[in-house]
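# Reading the structure
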Amino acid sequence: MPPVLEVRNLTKRFPGITATDAVNFTLEAGEIHAFLGENGAGKSTLMNMLYGLYRPDEGQILLNGQVVQINGANDAIKRGLGMVHQHFMLVPTLTVTENIILGNEVVNGLLIDIASAQQRIRTLAQTFGLDIPVDALIHDLPVGVQQRVEIIKALYRGADILILDEPTAVLTPQEADDLFVVIKRLKAQGKSIIFISHKLREVLALADRISVLRRGKLVGDTTPALADEAKLASMMVGRDVVLHIEKSPATPGEVVLDISHLQVADERGNIAVSDVSLQIRRGEIVGIAGVQGNGQTELVAAVTGLINPLRGTIVVAGADITGQGTNRAIAAGMGHIPEDRQQHGLVLSYSIADNMVLSTYDIAPFAKGLIINEAAIAAQATTLVQRFDVRTGSIDALASTLSGGNQQKVVVARELARPLNLLVAAQPTRGLDVGSIEFIHKSIVAERDNGTGVLLVSAELDEILALADRILVMYRGQVIAEVAGADADRNQIGLLMAGITPTGAEA
Amino acid sequence: MSTPPPTPPTNGWRTWGGILLVPVLAIFTALVIGAIIIVATGADVLAAYGGLFMGAIGSPRAIAYTLVEATPYVFGGLAVLIGFRAGLFNIGVEGQIAVGSMCAVIVGAFVSLPPGLHAVVAFIAGALGGALWGAIPGWLRARTGAHEVITTIMFNYIAIRSTDYLIKVPFLDKESSSQRTPFIAEGAHLPFLFGPDYRLHAGFLIALVAAVATAWILKRTIIGFEIKTTGANPDAAHYAGMNVPRTIILTMALSGLMAGMAGASQVLGLEHNLKASFSAGYGFDSIAIALLAASNPIGVIPAAMFWGALRNGAGLMQLNSGISINLINIVQALVIAFVAADQIVRQIYRIRSARSAGVTLSRGWGR
């Protein structure tokens, strides 16, 4: 029996870069094959070639032993390939059934035969243990259920090979566990799965075989039995990586952030933070754990002065800065690593040097009166580029030319360059490569050891567990629990993130 | 990760060549198409373009007249450009010029001050009038989100009709048969540089200083940094602690200040009074100047001179070849079309598409 999918010498070049370089792999029937790699390692390019979105420059794709040329997504679907993208391709205002049959409607005269479609969907759902409400509107469903809809959509179109692109990025740990059960059930029914991830733990738990991509090349082919997290990480990065951050116990000092009874509305006017009180002391990292969309973004926006809270007070190092804007927050000694570095943290069309002084351009030594001192800015940028290991040829290079990790290092360097009382770090390593994550984590811990209080918001539970001295769990706009970082239990926090408190009642 | 991406050159002749290439080729192409139109109408191309050339720069007097024509375009181009840099599209330059002219003429004709000082005060009054008229739409944008494109168009109507009324009723020169204000006092005149025959007045020198000052403000001051950052990424500006609403108001005021100077310079240097329905369309052509200059303050000077040359040379072109002056409007329109749609020029001349200059001309609605 030939493998269901085989790839031989697959190569794709873009101007100036070889995105995948002579990649070979096979996928057997009923196998879960995981692909690991940092951003830019070539995972997406590889998958897009399989799905017919890119034409390979060299090499062959074989389905069931036959060489095929895949012409676009429709052709891929016809040949039994299904893809679940990281960002779902669903129409929020349509029902589950409508989304699944979209473009593939069973027609009865001029009418769509909804009943027979729903019958088929129910059968599929039962076979694979995918519980979905067929008549619900997509936008009423939690993310985990939307993902199941995407999987059924692929199965409905006859997929035998499922490509799952970073499927757990948007899920709670419990939802991820549910997904793993589904994936194992799919495998048991003979489906073949390609599972793309950068989370080592998940890959080890789920995969039959693991391929590691680095700079377009397949650098490792292993199984969970033969590998561990450290080994996989060093394969991904090409050198040994410190996964566990060395940090001494926190020595908390005086209170540096005092939030009381904070209430914040989101952009649409809904209450996103309903009643939050918390304190952060000097020299400690307080992590806010929670599934995205439970009020963390609005909490950060209020603390950093971006939006005015409806109620409550924010005191930084003794100064009440509630509702007084970003400039006041900075003056009170606050640094902010924003969630979206490209939109909020950087001016992409500016040089690295100008980005390094984005919030200090108007004070000495970078300005004298109204006049900008370019020499001082260049000197500052040169120092920071070196200290924070920003990989660039020149401080005059535009921020847009940097990789994601280096862009984030520019933001971190700028914010940590001035003396801080409080650092607010929102998703500081989202989407970054392992090497940059390691560097940024070390920088945050070093800042804590300097006596700065740190408010860390992250959707990555691993990040919270690695860095936080205290962990607060946010759920539906409230802090529902506090756990000491040292004795935090991943399962317990996972349950809290889903709103399940130890008493058993939903919060 | 290990190999840093190559850094594009940020200065030197290559970049300058890159900036100049498209406008120069756009002008060339427009003139070629203009020639085809001339041939199509059966006229003599050489006589027409010879006339245009001689009329524009064929004699010292022609050159002086070209510079006189260019002066308001330098101010106006700077006004539009300053807005561009902050991501604002000030279409209200026309109205701001009207307010600036009116303020300058009121001070010039109805206030008495010592000669010289009179000119300075009248000029400042015109500049400030324009600044105020620009700042109001800026304030509306910053505080209420009302888009400046809409408000500045509306403010044009208000300004042009109001100045028309002021000229025709309260400030009408009752001794005159035409509808105009009285002449300004002799002491409020901007001096002629080479005597009245050449008409070139001190306003031209002020325009050159204004261009250099604008370049300096944008490059070397914290105000310029705030303007550019607001234009490039207002969110990042806000996150970094900049006061974005204040920057928007200030930018519109600065833009209006330039427009006000255009009006003041015309009134105090050249016209010496204001006629009813005087609108000259400088404000709208100024958008073209800013585009032609690729939003570079120094580039505004040659762009405005070219514009002035076309307008100034058109008369002799008509005389020599019988071609209508309106051909010049076609050529001007073509130049702007080619500069705005620079991809066309790049296609014709097979120029590799360069990195865009990174200047956001205007942002979307409602923020």
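Residues B:Leu117, B:Val120, B:Val121, B:Ile124 and B:Leu128 make up a contiguous nonpolar surface patch of about 410 Å² in total accessible area. In this fold, B:Val120 is placed in helix α5 (residues 117-144).

Turning to unusual backbone geometry, a few remarks are in order. Residue and element names in this part refer to chain A. The residue after alanine 364, namely proline 365, is reached through a cis peptide bond having omega 0°. Inspection of the secondary structure assignment puts proline 365 in the loop between α12 (352-356) and β19 (367-368). Although it is not a glycine, asparagine 9 adopts a positive phi angle of roughly 55°. For asparagine 9, a relative accessible area of 42% puts it in the partly exposed group.

Moving on to the interface of chain B and chain A. Contact residues are listed per partner, giving 27 residues for chain B and 39 residues for chain A. Counting each side, the surface lost to burial between chain B and chain A is near 2,900 Å², with a carbon and sulfur contribution of 62%. Between the two partners, chain B and chain A, sit 2 salt bridges. B:Arg220 serves as the salt-bridge partner of A:Glu374, at 3.3 Å between the closest nitrogen and oxygen. Summed over the shared surface of chain B and chain A, the result is 12 residue pairs in polar contact (both at pLDDT 80 or more). Mapped onto the side of chain B that touches chain A, the elements with two or more residues apiece are α7 (202-220), α8 (222-232) and α9 (234-239) of chain B. Counting residues per element, the side of chain B that touches chain A draws most heavily on α8(B), at 7 residues.

Attention shifts here to the environment of B:Leu140. Residue and element names in this part refer to chain B. Structurally, the position occupied by leucine 140 is in helix α5. Taking the relative accessible area as the measure of exposure, leucine 140 reaches 22% and is therefore partly exposed. Note: C-alpha distance between leucine 140 and isoleucine 97 (43 residues apart in sequence) is 20 Å. With sequence-adjacent residues up to four places away left out, leucine 140 is seen in contact with Gly145, Ala146, Thr151 and Phe155.

Quick look at the nonpolar core now. Of all hydrophobic cores here, the largest spans 148 residues; its most connected members are A:Met356, A:Leu358, A:Ile444, B:Phe225, B:Leu268, B:Trp307 and B:Val335. Here this core takes 13 residues from helix α10 (residues 244-271) of chain B, the largest share from any one element. Counting contributing residues per domain, this core is built from domain 2 (242-333 + 420-507) and domain 3 (347-418) of chain A, each supplying no fewer than three. Excluding its chain neighbours within four sequence positions, the residues that come into contact with B:Phe225 are A:Tyr350, A:Asp354, A:Val357, A:Leu358, A:Tyr361, A:Ile372, B:Leu218 and B:Met242. Counting 52 residues, the second largest nonpolar core, distinct from the first, contains A:Ile101, A:Phe128, A:Ile132 and A:Ala154.

Residue and element names in this part refer to chain B. Packing of α5 against helix α6 (residues 148-168) leaves a shortest axis separation of 10 Å and a crossing angle of 145°. Classified by chirality, the crossing of α6 by α5 is right-handed. Facing Trp133, Ile136, Pro137, Leu140 and Arg141 of α5, the residues of α6 in contact are Glu148, Thr151, Thr152, Phe155, Ile158 and Ala159. The residue inventory of the contact of α5 with α6, partitioned by class, reads 7 nonpolar, 2 polar and 2 charged.

Rules used in this analysis
- Residues numbered from 1 in each chain as written.
- Chains lettered and ligands numbered in written order.
- Predicted model: local features only at pLDDT ≥ 70, side-chain atom pairs only at ≥ 80, totals over all residues.
- Heavy atoms only, no water.
- Patch = residues over 30% accessible without salt bridge, like charges linked within 9 Å, V, L, I, M, F, W, Y side chains within 5 Å.
- Areas by Shrake-Rupley, 256 points an atom, 1.4 Å probe, with all protein chains shown as cover.
- Salt bridge = Lys/Arg side-chain N within 4 Å of Asp/Glu carboxyl O.
- Helix = DSSP H or I, 4+ residues; strand = E, 2+ residues; numbered from the N terminus.
- Buried < 20%, exposed > 50% of the residue type's maximum accessible area, 1.4 Å probe, protein only.
- Contact = heavy atoms within 4.5 Å.
- Buried area = accessible area lost by both parts, 1.4 Å probe.
- Polar contact = N/O pair within 3.5 Å; in protein donor to acceptor, adjacent residues only side chain to side chain.
- Core = buried A, V, L, I, M, F, W, Y, C linked by side-chain atoms within 4.5 Å.
- Domains from an automatic or database assignment.
- Axes fitted to C-alpha atoms, helices over the stretch in contact; angles between N-to-C directions.
- Left-handed = near helix turned anticlockwise from the far one by under 90°.
- Nonpolar A, V, L, I, M, F, W, Y, C, P; charged D, E, K, R; others polar.

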